[in-house]
Amino acid sequence: VFADPARGFYLVAEEAAEVCAGLMVTFEWSDWRNADFWWIQSVYVRPPARRRGIFARLYREIEVRARAAGACGLRLYVENQNQAAIATYLRLGMHDAHYRVMEQSFR
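Residues numbered from 1 in each chain as written. Predicted model: local features only at pLDDT ≥ 70, side-chain atom pairs only at ≥ 80, totals over all residues. Heavy atoms only, no water.

*Asks:* Which parts of the structure should I look at to understand the overall build of the protein?
*Replies:* Looking only at helices and strands, the protein features 2 helices and 4 strands. When the helices and strands of the protein are placed in sequence order, the string is β-β-β-α-β-α. Principal-axis analysis of the C-alpha atoms places the extent of the protein at approximately 40 × 35 × 35 Å. Here the protein, with 107 residues, has 34% of them falling under the buried criterion. Across the protein, every contact between residues at least 6 apart in sequence was considered, and the portion connecting residues at least 24 apart equals 48%. By element, 51% of the accessible surface of the protein is carried by carbon and sulfur atoms, the whole surface being about 8,200 Å². (Helix = DSSP H or I, 4+ residues; strand = E, 2+ residues; numbered from the N terminus. Buried < 20%, exposed > 50% of the residue type's maximum accessible area, 1.4 Å probe, protein only. Contact = heavy atoms within 4.5 Å. Areas by Shrake-Rupley, 256 points an atom, 1.4 Å probe, with all protein chains shown as cover.)

*Asks:* Any chance you could explain the nonpolar core here in plain terms?
*Replies:* Among soluble globular proteins, nonpolar side chains are generally buried collectively. With 24 residues, the main nonpolar core has L23, W38, F55, Y59, I62 and L74 as its most contacted residues. Residues within four places of F55 in sequence aside, it is in contact with L23, V43, V45, T88, Y89 and L92. (Core = buried A, V, L, I, M, F, W, Y, C linked by side-chain atoms within 4.5 Å.)

*Asks:* Mind showing me how you'd approach unusual backbone geometry here?
*Replies:* Across the chain, the bulk of peptide bonds are trans and the bulk of non-glycine residues have phi less than zero. Positive phi, normally seen in glycine, also occurs at S42, with a value near 50 degrees. Inspection of the secondary structure puts S42 in strand β3 (residues 35–45). For S42, a relative accessible area of 52% puts it in the exposed group.

*Asks:* For this particular structure, what's the right way to read the sheet that holds strand β1 (residues 8–15)?
*Replies:* The strands making up a sheet associate through backbone hydrogen bonding, with each pair oriented either parallel or antiparallel. As summarised here, the arrangement of the 4 strands in space is β1-β2-β3-β4, forming an open sheet in which the pairing is mixed. Lying at the two open borders of the sheet, with one neighbouring strand each, are β1 and β4 (73–76). Neighbour-to-neighbour, the strand axes of the sheet open up by a mean angle of 30 degrees, direction not taken into account. Running at roughly 145 degrees to β1, helix α1 (residues 54–69) makes contact with β1, β2 (18–30), β3 and β4 of the sheet. (Pairing = 2+ DSSP bridges. Axes fitted to C-alpha atoms, helices over the stretch in contact; angles between N-to-C directions.)

*Asks:* Looking at this structure, I do not really get the environment of R100. What am I missing?
*Replies:* Position of R100 relative to the elements: it lies in the segment after α2 (83–91). In this structure, the C-alpha to C-alpha distance between R100 and P5, residues 95 residues apart in sequence, is 28 Å.

*Asks:* Just to check I follow, could you spell out the pairing of β2 for this structure?
*Replies:* Along any regular strand the residues' side chains alternate between the sheet's two faces. Strand direction decides the pairing type here: β1 and β2, joined by 8 bridges, are antiparallel. Considered in β2, the bridge of G8 is made with T26. What sits between the antiparallel neighbours β1 and β2 is a turn of 2 residues, in which A16 has the positive phi angle 50 degrees. Hairpin connection from β2 to β3: 4 residues lie between these consecutive antiparallel strands, with N34 at a positive phi of about 55 degrees.

The structure is reproduced here in C-alpha cells:
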C-alpha cells in the first residue's frame, strides 16, 4: 500500500504523540454491487488503550471516507472466539455476513 495507494492505506490513532492503535484498509471490487468493499485489516489497539473508544473513532473515520468514495460497505475478519471484538463490531453497526473464510496457505 505504500508503493501503490490504490491497494489501500493505513490509519493510526495517537495519544500524547504516541501511536496507540492502527489498522489497514484494502479494497475488493464487488461485481454484484458494482462498487468496492473496504476491508478493515490488521487491527491492533495497544492493551492500555483498549475499551476507550479508540477503535470506534478509527472505524467512524473509515466509514465516512468509504461513504464519500462510493464504497458499498465495510467488511473485516474476526476470530470466532474473540467475543470482545465481535461485541464491539456489533455495537458499531456491523452484522454477521454469514460467510465462512476458506483458504489455502502457501507460506
